[in-house]
Amino acid sequence: MKIGVISLGCAKNLVDTENLLGILQAAGQEIVTSYDEAEALIINTCGFIESAKSEAIDTILEAADLKEGCLEKLIVMGCLAQRYKPQLQEEMPEVDCFISINEYGSLGAILSRVLGEKIPNTYGKTPRILSGKPWMAYLKIADGCDNKCSYCAIPLIRGALRSFPQEEIIAEARRLVSCGVKELNLIAQDCSRYGFDLDHRLHLSSLLRELDQIDGVHWIRVLYLYPDEIPDDLIMTIKECRHVLPYFDIPVQHGSDRILKAMNRRGSQKEIIERCKKIKEELPGAVLRTTLISGFPGETKEDHRETLRMIEQVRWDHLGVFTYSREEDTPAYKLDDDVPAQVKEDRRREIMMRQNEIARELLAARIGNVEEVMVERIDPLTDMYIGRSALYAPDNIDGCVRFRSPQSLAPGDFAMVRYTKVSGQNLIGVQEH
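What you see is a predicted model, and the numbers here were worked out from it, not measured in a lab.

**Student:** Where do I start with the sheet that holds strand 18 (residues 426–431) in this structure?
**Tutor:** Through backbone hydrogen bonds, the strands of a sheet pair up, either in parallel or in antiparallel fashion. The strand order around the closed barrel built from 5 strands is 14-15-16-18-17, with neighbouring strands paired in mixed fashion. If you compare each strand with its neighbour and ignore which way they point, the axes differ by 50 degrees on average. Pairing analysis gives 5 bridges linking strand 14 (residues 370–379) to strand 15 (residues 384–388), with the strands arranged antiparallel. What sits directly across from Ile378, in strand 15, is Tyr385.

**Student:** Please explain the layout of surface pockets as it appears in this structure.
**Tutor:** With a probe scaled to a water molecule rolled over the atoms, the places where space remains empty come into view. As a volume, the second largest pocket reaches approximately 730 Å³. What lines the second largest pocket is a set of 25 residues, and nearest its centre among them are Asn19, Tyr123, Gly124, Phe164 and Glu168. Elements represented by at least two residues in the lining of the second largest pocket include exactly helix 1 (11–26), strand 6 (136–140), helix 5 (154–158) and helix 6 (166–178). With 5 residues, helix 6 is the single largest residue contributor to the lining of the second largest pocket. Grouping the amino acids of the lining of the second largest pocket by side-chain chemistry returns 11 nonpolar, 4 polar and 10 charged.

**Student:** For this particular structure, what's the right way to read the side chain of Asp249?
**Tutor:** Topologically, Asp249 is positioned in strand 11 (residues 244–249). The buried category is assigned to Asp249, whose relative accessible area is 3%. Reaching out from Asp249, the side chain makes a polar contact with the backbone nitrogen of Tyr224 at a distance of 3.1 Å. Leaving out residues up to four positions away in the same chain, Asp249 has contacts with Val222, Leu223, Tyr224, Leu225 and Arg289.

Criteria and thresholds
Residues numbered from 1 in each chain as written. Predicted model: local features only at pLDDT ≥ 70, side-chain atom pairs only at ≥ 80, totals over all residues. Heavy atoms only, no water. Pairing = 2+ DSSP bridges. Helix = DSSP H or I, 4+ residues; strand = E, 2+ residues; numbered from the N terminus. Axes fitted to C-alpha atoms, helices over the stretch in contact; angles between N-to-C directions. 1 Å grid on protein atoms, 1.4 Å probe; cavity = no way out; pocket = protein on both sides within 12 Å on 5 of 7 lines; lining within 4 Å. Points joined across faces, edges and corners; volume = space filled by probe spheres on them. Nonpolar A, V, L, I, M, F, W, Y, C, P; charged D, E, K, R; others polar. Buried < 20%, exposed > 50% of the residue type's maximum accessible area, 1.4 Å probe, protein only. Polar contact = N/O pair within 3.5 Å; in protein donor to acceptor, adjacent residues only side chain to side chain. Contact = heavy atoms within 4.5 Å.

Structure below.
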């Protein structure tokens, strides 16, 4: 059967999609990228915030129009299906089946019934099929979250923290590296809490040290660290490991202690600043990335100024801001969404204007440095190579490195590049001989 698959949302959702592709391929199904040819279409959705829900609904409705052609079956899975399955079943009869996350253990059996094809019921056990760049992969180490942030629907969708066994993670990492993967990016709703559900201890340092020993792995990056769960031993582990990049993705969400408390976030502005200072002291070249929310209920001008103060103190390399999205069934949903939409946007814009200045200053300070860059492609218009150093994660958010080389390089190759100038959030350079 010709089956098309659409993956929406985050990298964690992408891993779920790649596991789906694995069982479809094992069943001998033909995966097509032209959806006009698809006899069945499976959409893996996100349902985290309003914009993601809107994107998912629009994608489903557009896909339903394909039933006028070759499309026979339309299947929706993922976070949106998990969160709103009864309502969606009632309101979208054009969808043949909604599959919630809780049903993934029976995914093969469900697909077999709906598609009329024999699909193995081995989701998560059959090797997944990488859908992106073959030299880079996301490695999911846990699912769910115990943090209970007042604005966040993830615990409602994904449930409590469930750390995957370390031996399974190591085995998956070895398999990926044996297939040509050079960069592993560890992901979870909260990587810093890995293993805490097993024995109330943090095990990320131990996991990183084991991954660091895998022959053939070149870069290991950790994404999503909760700010109050970056102990000194984790910093030292990253410092001592050969392949673990000094890249700290720490979504702090706000700079005001009052708003952090309303968000049910642990820690304070002072603790955030001190932890980031400690990271920079131990790892002077460390990269710091964060995300923030502007316009949380009750946010005042002073709260906003506290966020700007925190930004000035930490000096993040990368920072993104979302305007507050009111999500039903979360504790914050009961609060009066009293910050006008325009004020939320104005504050978001002010944060980003200052952040862009800081980021440019930090990038300018790297001019003259020679750093290792992974090649990803060549720009056919300029003949410049485009890639990433340790400074840039692979999610197309941070930026990139553009450089010239007298050598012929292939995607996945590494080159030592000397930075010569800054262009926006990107660095320009030349390969060192």
